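Here is what each chain is made of, one letter per residue.
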Amino acid sequence: MNDRNTSDHQIFELDLADHEARRRTEVLAALGDAWDPIAVMEGEADAYRLLYSGLDAEQQATHDMLVAAGVLPASGQG
């Protein structure tokens, strides 16, 4: 028994490293062999470019303001 324990409180320690490793293994197993992280990132970048393409002047100014404020990532970083 640890001397930090009292009659009112017991010290409880839990190492989550094993649980985290198991969780990550299960996530990768669920994604399957066909999962291509590079293709996913490229698809997200394409979607970002498409989302913010064709903005009118007011929309572009608002977009630029949000990028400058750090709310949206700069072009090519999304």
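Now for a description of the structure that goes with this document.

What follows covers a nonpolar patch on the surface. Among the surface-exposed residues, Val-27, Leu-28, Leu-31, Trp-35 and Val-40 lie close enough to one another that they form a single nonpolar patch of about 420 Å² accessible area. The element best represented in the nonpolar patch is helix H1 (residues 17–31), accounting for three residues. Locating Val-27 in the fold gives a position in helix H1.

The subject of this paragraph is the pattern of salt bridges. Applying the stated criterion to the full structure yields four salt bridges. Across the salt bridge formed by Glu-20 and Arg-24, the nearest N and O atoms sit 2.9 Å from each other. Within this pair, Glu-20 and its partner Arg-24 are both found in helix H1, separated by four residues, close to a single helical turn. When its relative accessible area of 52% is taken as the criterion, Arg-24 is described as exposed. With its nearest N and O atoms 2.3 Å apart, the salt bridge here joins Arg-49 to Asp-46. Highlighted residues: Arg-49 and Asp-46, both in helix H2 (residues 37–51), separated by three residues, approximately one helical turn. On the basis of relative accessibility, which here comes to 44%, the residue Asp-46 falls in the partly exposed class.

Looking now at the side chain of His-63. Its place among the elements puts His-63 in helix H3 (residues 57–68). Given a relative accessible area of 11%, His-63 falls into the buried group. Aside from chain neighbours lying at most four places away, what touches His-63 is Tyr-48, Tyr-52, Leu-55 and Leu-72.

Parameters and conventions
Note on numbering: residues in each chain are counted from 1, in written sequence order. Note on the predicted model: pLDDT of at least 70 is required for a residue's local features to be given, and 80 or more for side-chain atom pairs to be given and counted; whole-chain, interface and lining totals, by contrast, use all residues. Side-chain metrics rest on all non-hydrogen atoms present in the structure, leaving aside hydrogens and water. The patch calculation keeps residues exceeding 30% relative accessible area without a salt bridge and links them within 9 Å when they carry like charges or within 5 Å when they are nonpolar (Val, Leu, Ile, Met, Phe, Trp, Tyr). Surface exposure here means Shrake-Rupley accessible area, sampled with a 1.4 Å probe, where a residue is shielded only by the protein chains that are shown. Salt bridges are defined by distance alone: a side-chain nitrogen of Lys or Arg within 4 Å of a carboxyl oxygen of Asp or Glu. By the criteria applied, helices consist of DSSP H or I runs no shorter than four residues and strands consist of E runs no shorter than two, each listed in order from the N terminus. Relative accessibility under 20% of the residue-type maximum defines a buried residue, over 50% an exposed one, and the middle range a partly exposed one, all with a 1.4 Å probe and only protein chains included. The contact criterion used is simple: two residues touch if any of their non-hydrogen atoms lie within 4.5 Å.

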